[in-house]
There are 2 protein chains.
Amino acid sequence: MVEELKKKRVHKPAEERQAEILDAAVLIFASKGYQVADVQTIAEHAGVGKGTVYRHFPTKEELFKQALIRQLDILRCKMLRAHDAYSDPLQQLKAVMSTYFQFFDDHPETIELFVHERAEFGHDETPLYFARMHEHTDDWIPMFEAVKAALPMRDIDVEEMMCLCGEIMHGAVYLSKAIVPSRASHERLEQVFRFYLHGLVTNASIDEIYQLHNL
Amino acid sequence: MVEELKKKRVHKPAEERQAEILDAAVLIFASKGYQVADVQTIAEHAGVGKGTVYRHFPTKEELFKQALIRQLDILRCKMLRAHDAYSDPLQQLKAVMSTYFQFFDDHPETIELFVHERAEFGHDETPLYFARMHEHTDDWIPMFEAVKAALPMRDIDVEEMMCLCGEIMHGAVYLSKAIVPSRASHERLEQVFRFYLHGLVTNASIDEIYQLHNL
DNA sequence: CATAACTGACCGACCAGTCCGTCCGGTTGA
DNA sequence: TCAACCGGACGGACTGGTCGGTCAGTTATG
């Protein structure tokens, strides 16, 4: 009656195995948090033994960070692609923001991963989330410069523009789950984007700008 | 030589004991996180035995939540006091925002506490941080109504105003530690407040508004 | 058969919560 | 005034269970 179904052992290229393990890690870490998630569960979920996990990642901590980096790279990549799809700087900005919101709509577990990183490791080192953000700051400067040039801007420097943009997007996503009734993040794109522009410009009509830039 | 310094046992009113324990709990939970912090350490820090902690709080989780609630109440109370010190709605708003930033400047450990709550318990229940915020939403509606009446507002309803205000303040505080070089939160007050107003109004001169309201 | 990948039982450290002996300090009565 | 007494607050050793990381043995592959 009780079938002893033995999983067949398979050897795979390291890269593929690691990807499987990382996918499982993202899920488990996101749902339980770093401390509570246990490596055994991740291994089972990835369909491998615990020993195998440790063959590919030296410690639980490293496993977590790799899982996180994987997600960060995916997000970053999507944002860059969204940017490159447009030439008008305001369209670029809106597309990037949209991608950001959409990403967290599609992968709510990633929010949890970020939250847990901030809680667990943000204490004494800058979270990878921000480290990476900051590391790649330069990539976005040209866009913000262009936005600035395109708008009747009040006196704000580019760094401040970027900082505010990051804060408001992060805030919207981070708090999106907490608001009752919770709205899908991307529904908030329009609201947040308009608000952001209003916050930047002097006194021009936002509607004019919208029309001018086909937003 | 080695003095056996035995702590004298002292009986105290329950309330006082609990306050001592909660203060220790805030510190330890904030610095280590919910999972890593151990009750023994909290007990030692409060100058009591572990058993005593469990006399006053049924579980570690309850201890954490009480510690959090304590901080939330302090913050809320300060914000209300700041509000009541002014009659002009814009001055009130600015004062409340200022208090919020100042509080986290003075008690950076409280940020950590919120972060850990979101990570540990925000998963399946609304964090107390937001629950309380939402619970007391009504307290702030009159102020935002008044702000709205005082400004040449674009078409935003009060709920949205409050939501955006919360997000931008939370974002500024939450990210304040991540930015390099990190600025004291309160230094950002002016920047964030102006940004917020710009985001609300139609096309009036912010400077006019500032002068009119003595900001 | 040689080698590399894989496995999971095992070890030791760690910790939430318990439990009972200890001792404080308020009360009583002579 | 003070000594004997007692309720209950207190302390901390202990227990039971958990989990990160290891390693000796097993299985696939060439």
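In the nomenclature of an unreviewed UniProt entry, chain A is known as TetR family transcriptional regulator of Aliidiomarina shirensis.

1. As for the domain arrangement of chain A
Residues and elements named next belong to chain A. Domain annotation for chain A reports domain 1 (1-58) and domain 2 (71-212). The partner domain 2 presents seven residues to the seven residues of domain 1 that form the contact. Taken together, both faces of the contact between domain 1 and domain 2 bury some 610 Å²; the carbon and sulfur share is 74%. Contact with domain 2 buries area across many residues of domain 1, yet V26, A30 and Y34 alone supply 70% of it, more than any other trio. For the pair domain 1 and domain 2, the number of links is zero salt bridges. For the pair domain 1 and domain 2, the interface holds one residue pair in polar contact (both at pLDDT 80 or more).

2. Some remarks on the nonpolar core
Ranked by size, the top nonpolar core spans 132 residues in total, and within it A:F144 and B:F144 carry the most contacts. Excluding residues within four positions of it along the chain, B:F144 makes contact with B:L93, B:V158, B:M161, B:M162, B:C165 and B:Y196.

3. Observations regarding the protein's contact with DNA strand C
Taken together, 24 residues form the shell around DNA strand C, and within it A:R17, A:T52, B:R9, B:K50 and B:K60 come nearest. Taking all atoms of DNA strand C within 4 Å of the protein, the share assigned to sugar and phosphate is 62%. A distance of 3.4 Å separates a phosphate oxygen of DNA strand C from a polar atom in the backbone of B:A37. Among the secondary structure elements, those contributing two or more residues to the surface near DNA strand C are α3 (50-56) of chain A together with α3 (50-56) of chain B.

4. Thoughts on the interface of chain B and chain A
Listed as interface residues are 43 residues of chain B and, on the opposing side, 42 residues of chain A. At the boundary of chain B with chain A, the tally comes to two salt bridges. The closest approach of N and O atoms between B:R118 and A:E112, which form a salt bridge, is 3.2 Å. Viewed at the interface, chain A and chain B are joined by four residue pairs in polar contact (both at pLDDT 80 or more). Counting residues per element, the ones that place at least two in the side of chain B that touches chain A are α1 (14-32), α6 (108-121), α7 (128-135), α9 (158-176) and α10 (189-200) of chain B.

5. Re the environment of B:F101
Within the element layout of this structure, B:F101 appears in helix α5 (residues 89-106). Measuring from C-alpha to C-alpha, the distance between B:F101 and B:E187 comes to 8.6 Å, with 86 residues separating the pair along the chain.

6. A short note on the pattern of salt bridges
Residue and element names in this part refer to chain B. Inspection of the entire model under this criterion finds 14 salt bridges over all chains. E20 is the partner of R17 in a salt bridge, and the nearest nitrogen-oxygen pair spans 3.4 Å. Of the two residues, R17 and E20 both sit in helix α1, three residues apart, roughly one turn of that helix. Judged by relative accessible area, E20 falls into the partly exposed class, the value being 24%. K65 serves as the salt-bridge partner of E61, at 3.2 Å between the closest nitrogen and oxygen.

7. Considerations on the relation of the copies chain B and chain A
Superposing chain B onto chain A takes a rotation of 180 degrees plus a shift of 0.1 Å along the axis, which leaves an RMSD of 0.1 Å. Look at the turn and shift together and you get a two-fold axis relating the two. Taken together, the interface assignments show that 98% of the residues at the interface of chain B recur at the interface of chain A, consistent with an identical surface on both copies.

8. Brief notes about the UniProt feature "DNA-binding region" (unreviewed entry) in chain A
Annotation from UniProt places "DNA-binding region" (unreviewed entry) at residues 38-57 of chain A. A helix fraction of 75% and a strand fraction of 0% characterise residues 38-57 of chain A, whose end C-alpha atoms lie 14 Å from each other.

9. Structural notes on the UniProt feature "domain: HTH tetR-type" (unreviewed entry) in chain A
The positions UniProt marks with the feature "domain: HTH tetR-type" (unreviewed entry) are residues 15-75 of chain A. Counted over residues 15-75 of chain A, helix gives 80% and strand 0%. Its end C-alpha atoms are 20 Å apart.

Definitions and cut-offs
- Residues numbered from 1 in each chain as written.
- Chains lettered and ligands numbered in written order.
- Predicted model: local features only at pLDDT ≥ 70, side-chain atom pairs only at ≥ 80, totals over all residues.
- Heavy atoms only, no water.
- Domains from an automatic or database assignment.
- Contact = heavy atoms within 4.5 Å.
- Buried area = accessible area lost by both parts, 1.4 Å probe.
- Salt bridge = Lys/Arg side-chain N within 4 Å of Asp/Glu carboxyl O.
- Polar contact = N/O pair within 3.5 Å; in protein donor to acceptor, adjacent residues only side chain to side chain.
- Core = buried A, V, L, I, M, F, W, Y, C linked by side-chain atoms within 4.5 Å.
- Buried < 20%, exposed > 50% of the residue type's maximum accessible area, 1.4 Å probe, protein only.
- Near = heavy atom within 4 Å.
- Helix = DSSP H or I, 4+ residues; strand = E, 2+ residues; numbered from the N terminus.
- Least-squares fit on C-alpha atoms with pLDDT ≥ 70 in both.
- UniProt positions renumbered as here; feature names shortened; annotations may be inferred.

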